[in-house]
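So the chains spell out like this:
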Amino acid sequence: MRQTIVQKMSRMSTAIDNSMKYPEILAALKKVGYNQQMILAGKASLEEFRMLHESQSQKYGDQFEVGKAFKEDIKQAKQIHATHRKLAKIAYASDISMYTRLGLGKFETAVDSWLNYAENFYNVLIKDSSTLQEYGVSEEEVAQTLASIQALFDARHKHFACKGEAQHATHKRNEAMRKMDAWMSDFKKAARFALRDEPELLEVLGIFVRTHV
C-alpha cells in the first residue's frame, strides 16, 4: 500500500527518534555505519522536507484563493458587460462605425480574449457615454466598469504568479522527498541487517518484519 506524505514523515520520524533514544539500537546501527551524525543527517533531511511540504501547501492554498476570487470577479464583470452590450446593440443599431468599433458583431469567451475585448469595448464607449445615458447607464458606471476590467488584468497576472510559485514549490518539495526517501530506504536496509536477530527492535523503529509460523 502506498504511503501518504504524512505517513512517510511520521514513520521516518519514529525511526530516527527511536534509533537515538535506545542505546542498544544505536550501538547496533553504528556497526553498519549509522552513527549519530548519520542519523542526524536523516533528521535534517526530514525537517527540510517538512518545511518545503508546508510551504507547498501554503502556496497551493494561496493559488486556490486567488483563483477563486478571480473567477468570481470575472463572472460578475461578464454579467455587467452583458447588460451594457445588449443596450449598446440597441443604441448603436444604426451606427455602423460605433457598432463595429465596440465589437458588437462578435463575442469572445476565452478569458484573455474576453478581457481584451471588454477593455476595448469600454475604452470606445467611454468616449461616447452620453448615448447610453438615455438607457440608464451613467458615465460614472461606464468609467467604474472600465476600471474594474483593467483591475482584472492585474488579478489575472497575480493568479498566474501564484500558480507558478505553487508549481515551483512542488518541484522543490518533490526533490526533498526523493532525498528523504533515499535516506530512509538505505537506513531500513542497514537496520534490517544490524538488527536481523532482534526483530522486536526493528518494530521499535517502525520497521515491521514478517513472521513465519
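Below, the structure is looked at part by part. These numbers come from a predicted model, not from an experiment. (Residues numbered from 1 in each chain as written. Predicted model: local features only at pLDDT ≥ 70, side-chain atom pairs only at ≥ 80, totals over all residues. Heavy atoms only, no water.)

### Structural notes on a negative patch on the surface
- On the surface, a cluster of negative charge is contributed by Glu24, Asp197, Glu198, Glu200 and Glu203.
- Looking at the element boundaries, Asp197 is found in the loop between α7 (139–194) and α8 (199–204).
- With a relative accessible area of 67%, Asp197 lands in the exposed category. (Patch = residues over 30% accessible without salt bridge, like charges linked within 9 Å, V, L, I, M, F, W, Y side chains within 5 Å. Areas by Shrake-Rupley, 256 points an atom, 1.4 Å probe, with all protein chains shown as cover. Salt bridge = Lys/Arg side-chain N within 4 Å of Asp/Glu carboxyl O. Lys, Arg positive; Asp, Glu negative; His and termini not counted. Charge placed at Lys NZ, Arg CZ, Asp CG, Glu CD. Helix = DSSP H or I, 4+ residues; strand = E, 2+ residues; numbered from the N terminus. Buried < 20%, exposed > 50% of the residue type's maximum accessible area, 1.4 Å probe, protein only.)

### Quick notes on the nonpolar core
- Core analysis: the biggest nonpolar cluster contains 27 residues, and Met12, Leu29, Trp183, Phe187, Ala191, Leu195 and Leu205 have the highest contact counts within it.
- Within the residue set of this core, elements represented by two or more residues are α1 (5–21), α2 (23–30), α3 (36–91), α7 and α8.
- Residue contacts for Leu29: discarding those within four places in its chain leaves Ser19, Tyr34, Ile39, Phe187, Ala191 and Ala194. (Core = buried A, V, L, I, M, F, W, Y, C linked by side-chain atoms within 4.5 Å. Contact = heavy atoms within 4.5 Å.)

### Points about α1
- The end-to-end C-alpha distance of α1, which contains 17 residues, comes to 24 Å, matching closely the 24 Å that a straight helix rising 1.5 Å per residue would cover.
- Along α1, the residues classified as buried are Met9, Met12, Ala15, Ile16, Asn18 and Ser19.
- Where the residues of α1 are buried, they touch α2, α3, α7 and α8. (Expected span 1.5 Å × (residues − 1).)

### A look at α2
- Here α2 has its buried residues at Ile25, Leu26, Ala28 and Leu29. End-on, the buried residues of α2 take up no more than an arc of 160°, which puts them together on one face. Structural note: α2 exposes Pro23 and Lys30 on the side pointing more than 90 degrees away from its buried face.
- Packing partners of the buried residues in α2 comprise α1, α3, α7 and α8. (Arc of directions from axis to C-beta.)

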